[in-house]
Amino acid sequence: MTSQQTNQNKKAKPPLEGITVVELGHSVAAPYAGLILADLGARVIKVESAGRPDSVRHASPALFDLLNAGKESVVLDFTSLRASPIGWCGHGVTTSCSS
C-alpha cells in the first residue's frame, strides 16, 4: 500500500455516515447491533418505553453504558395515544437518562 492510498483511507468517511437508525430493542442483542452501526458511522437513536425501560440499564449499568455508547436516547410514554418524549439524552446514553 502506498502512502497516497494510506492517506485516502484515513480521509474516507465512515460507511454509514448520514444514515439514521432508530433502535427499538432492549437487553443485549439490539443494543449490540446498534453499537456496531454507530461504530460504522450511523446516527443511532435508542428508544425506550417509560413503562418498561431497558432491563440492562438497572441490572448492569456498566454494560448498559458500553452497549449504548455514542447513541442518542429518548424515553417515550407509549400508554398515551400520542407517544410524547419524556426524556431526551442527546449524544451519549447514560444511566441518568431514565425518567
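As the structure is a computational prediction, the values presented were derived from the model and not from experiment. (Residues numbered from 1 in each chain as written. Predicted model: local features only at pLDDT ≥ 70, side-chain atom pairs only at ≥ 80, totals over all residues. Heavy atoms only, no water.)

1. Examining the overall build of the protein
When helices and strands are tallied, the protein shows four helices and four strands. Counting helices and strands in the order they occur from the N terminus, the protein gives α-β-α-β-α-α-β-β. When the 99 residues of the protein are sorted by exposure, 28% land in the buried category. By sequence separation, contacts in the protein at least 24 residues apart represent 52% of the contacts at least 6 residues apart. For the protein, the accessible area works out to roughly 6300 Å², and carbon and sulfur atoms hold 59% of it. (Helix = DSSP H or I, 4+ residues; strand = E, 2+ residues; numbered from the N terminus. Buried < 20%, exposed > 50% of the residue type's maximum accessible area, 1.4 Å probe, protein only. Contact = heavy atoms within 4.5 Å. Areas by Shrake-Rupley, 256 points an atom, 1.4 Å probe, with all protein chains shown as cover.)

2. Looking at the environment of A30
Looking at the secondary structure, you find A30 in helix α2 (residues 29-39). In this structure the C-alpha to C-alpha distance between A30 and L67, which are 37 residues apart in sequence, comes to 9.2 Å. Among residues more than four places away in sequence, those in contact with A30 are E23 and G25.

3. Observations regarding the environment of E72
When you line up the elements, E72 lands in strand β3 (residues 72-76). Once the C-alpha coordinates of E72 and V44 are considered, the two residues, 28 residues apart in sequence, prove to be 6.2 Å apart.

4. Points about the pattern of salt bridges
Taken as a whole, this structure holds five salt bridges when the rule is applied. A salt bridge links E23 to K71, with the shortest nitrogen-to-oxygen separation between them at 2.7 Å. On the criterion of sequence distance, the pair formed by E23 in strand β1 (residues 20-23) and K71 in the loop between α4 (61-67) and β3 is long-range, its members being 48 residues apart. Residue classification places E23 among the buried positions, given a relative accessible area of 5%. Exposure remark for K71: the relative accessible area of 0% places this residue in the buried category. (Salt bridge = Lys/Arg side-chain N within 4 Å of Asp/Glu carboxyl O.)

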